[in-house]
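# Breakdown of the fold
One-letter residues, chain by chain:
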Amino acid sequence: MRSVNIGLIGLGTVGGGVARLISTHHDKYLEHYGIDLNLKRACSRDDAEAKRLGLAEGVFTFDWKDVVEDPEIDIVVELIGGDHPATEIFEEAFKNGKHVVSANKALLGRHVEHLASLAAQNGVQIRCEAAAAGGIPVVHALEHDLVGNEILTIAGIMNGTTNYILSRMQHEGLSFDEVLSAAQAAGYAEADPTADVDGFDAASKIAILSSIGFQTRVTTDDVYMQGIRNVSAVDIKMAQEFGYTIKLLAIARNTPEGIDVRVHPTMIPNTHQLASVDGAMNAVFVVGDAVGETMFYGAGAGSFPTASAVVGDIMALADPIAKGGAPMPEQEPFGHNLAIRPIDDLKTRYYVRLTVEDKLGTLASCTNAFAECGISISHISQTESEDGETCTLIYVTHEAIESDMRKAEATLEALDGIREVSSIIRVENIDAWTEGVFDN
């Protein structure tokens, strides 16, 4: 048995949590697993956190190269995020024969093919449990526990900030802007919330999970993205009246036409498990042909939940190292062997909210616009506005093709008397998620 030396790059929220877990649970890891973890080097742009952590003399450095070039370090933990110098940290660590654990979803969502190839060439591994859903162990499940299945669907709430915002809008009747400001003040949302509220964060996560689950390369650029900025309290109230909850869902399905992968506000039935996931919590719903429906629930962010996933990856790599062996090298990454299904081919139902002039014939012209684009309507309702000049029309369609809905949107916007196409929200066909599950 020997000590396993860790090099930690990034001592922010997650990095500080990792350092604390290693320190707090060191004796337990040694007693129960025979793994002696040693935080040998730690790097940050600011030494304030290193001082708070009470790191031993000689552990802290401002230069990440001191970590990746240290011949005694076995595992490099990259927790700084972004593309640079994170890419160079991966590359130099691999060159020096070191495994890398990372929570960098943005980098891995776009460039894991390049990085995994380098890891394979150098006989080391990348591990990224924390990059997909914080503390939820869904990567391990897809890589190990569910490999006896063909994965049919991966869908879920993968961004805690947007779920917090939508939950408060639902429960308190507040606007998006009101809740976002409160979330920023409370620390739930960044000063620049773009990555969260516009869907990029969730898109990176579903790209990683799709690649693993469907064994084909899916990058963030393949994911259709639409955020929650245009979701209003009116939409949430109407959804509730129809028996639905609005969530920002990341959805990936393995269909005969290719991988359907998207992130957008979605209406799902109130009876579905994902509808009850509240606040800043995350949940990932995975359907396999043999196991059927499974759901993984927990904190998708935060210091210790994310650190839990990081340390889990460290321990998995450290186990053979501590016993004098070595982890298996990274496999060659999956190629682009399955097509990505265009969003224009999506077939689903739609909720459409229009702000129109309150005059005779407007309702009929709007309904005709849908018919001209091949879209049939299952529900229409109208509410008057306080100004007496406009009213709100709510349509819910039968199943329609996305490209036809885009034509209908353009047609509606061009109509006389239409002030605004205020909202279009997809109504998810959750029954399609379980198509292909074996009968018991």
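Residues numbered from 1 in each chain as written. Predicted model: local features only at pLDDT ≥ 70, side-chain atom pairs only at ≥ 80, totals over all residues. Heavy atoms only, no water.

### A word on the domain arrangement of the protein
The parts lose accessible area when they come together, and the size of an interface is often stated as this lost area. Applicable threshold: For each domain, the first and last residues come from an automatic or database assignment. Defined here as a combined quantity, buried area equals the accessible surface (1.4 Å probe) lost by two parts on assembly, summed across both. A carboxyl oxygen of Asp or Glu within 4 Å of a side-chain nitrogen of Lys or Arg is what we treat as a salt bridge. Polar contact is defined as a pair of N or O atoms within 3.5 Å, subject to the rule that within protein one atom must be able to donate a hydrogen and the other to accept it, and that residues adjacent in sequence are counted only when both atoms are side-chain atoms. By the criteria applied, helices consist of DSSP H or I runs no shorter than four residues and strands consist of E runs no shorter than two, each listed in order from the N terminus.
Under the domain assignment, the protein is made up of domain 1 (4-134 + 303-323), domain 2 (138-299) and domain 3 (344-428). Domain 2 and domain 3 are separated by 25 Å when their C-alpha centres are compared. Summing both partners gives a buried area of about 1,300 Å² for domain 2 against domain 3, and 58% of it is carried by carbon and sulfur. When the area that domain 2 buries against domain 3 is broken down by residue, the three leading residues are Asp235, Phe242 and Met267, summing to 36%. Counting the contacts that link domain 2 with domain 3 gives two salt bridges. Between arginine 262 and glutamate 428 there is a salt bridge; the shortest N-O distance is 3.0 Å. Where domain 2 touches domain 3, the interface holds ten residue pairs in polar contact (both at pLDDT 80 or more). Put simply, the parts of the chain that give the side of domain 2 that touches domain 3 at least two residues each are helix 13 (233-241), strand 9 (244-255) and strand 10 (258-269). Counting residues per element, the side of domain 2 that touches domain 3 draws most heavily on strand 10, at seven residues.

### Regarding the pattern of salt bridges
Side-chain pairs of opposite charge can arise where the charged atoms are in close proximity. This is how the line gets drawn: For the exposure calls, accessible area comes from a 1.4 Å probe over protein chains only, and a residue counts as buried if that area is under 20% of its type's maximum, exposed if over 50%, partly exposed in between.
On inspection of all chains with the given rule, the structure shows 25 salt bridges. The salt bridge partner of aspartate 198 is arginine 229, with a shortest N-O separation of 2.7 Å. On the criterion of sequence distance, the pair formed by aspartate 198 in the loop between helix 11 (194-197) and helix 12 (200-214) and arginine 229 in the loop between strand 8 (224-225) and helix 13 is long-range, its members being 31 residues apart. A residue is classified by how much of its surface remains accessible, and aspartate 198, at 27% relative accessible area, is partly exposed. The partner of arginine 406 in a salt bridge is glutamate 402, and the shortest N-O contact between them spans 2.4 Å. With arginine 406 and glutamate 402 both in helix 16 (residues 402-414) and four residues apart, this pair spans about one turn of that helix. Overall, the relative accessible area of 29% leaves arginine 406 in the partly exposed class. According to the relative accessible area criterion, glutamate 402 is buried, its value standing at 2%.

### Let's talk about the pairing of strand 11 (residues 281-288)
Just so we agree on the cut-off: The criterion for strand pairing is that DSSP finds at least two bridges linking the strands in question.
With seven of its eight residues buried, strand 11 lies for the most part within the structure. Bridge count between strand 11 and strand 12 (residues 292-299): eight bridges; the pairing is antiparallel. Counted as the bridge partner of valine 286 is threonine 294 from strand 12. Between the antiparallel neighbours strand 11 and strand 12 lie three residues.

### Here's the deal with the layout of surface pockets
Going by this rule: Grid spacing is 1 Å over the protein atoms alone, the probe is 1.4 Å, and a cavity is where that probe fits but cannot get out, while a pocket is an open set with protein on both sides within 12 Å along at least five of seven lines and lining residues have an atom within 4 Å of a point. Grid points are joined across faces, edges and corners, and a volume is the space filled by probe spheres set on the points. Polarity classes work like this: nonpolar for Ala, Val, Leu, Ile, Met, Phe, Trp, Tyr, Cys and Pro, charged for Asp, Glu, Lys and Arg, and polar for all others, with Gly in that last group.
As a volume, the largest pocket reaches approximately 1,500 Å³. Lining the largest pocket we find 49 residues, and of these Thr13, Val14, Gly81, Lys105 and Glu190 sit closest to its centre. Elements with a contribution of two residues or more to the lining of the largest pocket: helix 1 (13-24), helix 6 (105-121), helix 9 (160-172), helix 11 and helix 12. In terms of residues, the lining of the largest pocket owes the most to one element, helix 12, which gives four residues. Across the lining of the largest pocket, the residue classes break down as 22 nonpolar, 19 polar and eight charged. Split by domain, the residues of the lining of the largest pocket number at least three in each of domain 1 (4-134 + 303-323) and domain 2 (138-299).

### Things to note about a negative patch on the surface
Worth spelling out the cut-off: To count toward a patch, a residue needs a relative accessible area over 30% and no salt bridge; like charges are then connected within 9 Å, while nonpolar side chains (Val, Leu, Ile, Met, Phe, Trp, Tyr) are connected within 5 Å. Surface accessibility follows the Shrake-Rupley procedure with a 1.4 Å probe radius. Residue values consider only the protein chains on display as shielding. His residues and chain termini do not enter the charge count, which takes Lys and Arg as positive and Asp and Glu as negative. The location of each charge is read from NZ of Lys, CZ of Arg, CG of Asp or CD of Glu.
On the surface, a cluster of negative charge is made up of Asp358, Glu384, Asp387 and Glu389. Assignment of secondary structure puts aspartate 358 in the loop between strand 13 (347-357) and helix 15 (362-372).

### Here we look at the sheet that holds strand 4 (residues 75-78)
Within a sheet, neighbouring strands are paired by backbone hydrogen bonds and run either parallel or antiparallel to one another. Overall, parallel pairing links the six strands, which are arranged 3-2-1-4-5-6 in an open sheet. The two strands at the open ends of the sheet, each matched to only one other strand, are strand 3 (60-61) and strand 6 (126-127). As paired strands, strand 4 and strand 5 (residues 99-102) are joined by four bridges and run parallel to one another. In the sheet register, valine 77 faces strand 5, and the bridge partner there is valine 101.

### Quick notes on helix 8 (residues 138-145)
Note the cut-off: The arc in question is the one traced by the directions running from the helix axis out to the C-beta atoms. The contact criterion used throughout is that any non-hydrogen atoms of two residues lie within 4.5 Å.
What helix 8 keeps buried is the set Val138, Val139, Ala141 and Leu142. With its buried residues spanning 165° around the axis, helix 8 presents them on a single face. Buried residues along helix 8 sit in contact with helix 7 (129-133), strand 7 (151-157), helix 12, strand 11 and strand 12.

### Some details on unusual backbone geometry
The omega torsion across histidine 84 and proline 85 is 5°, close enough to zero to call that bond cis. Among the structural elements, proline 85 can be located in the loop between strand 4 and helix 5 (86-95). In this model, glutamine 215 sits at a positive phi of 55°, which is unusual for a non-glycine residue. Relative to the elements of secondary structure, glutamine 215 occurs in the loop between helix 12 and strand 8.

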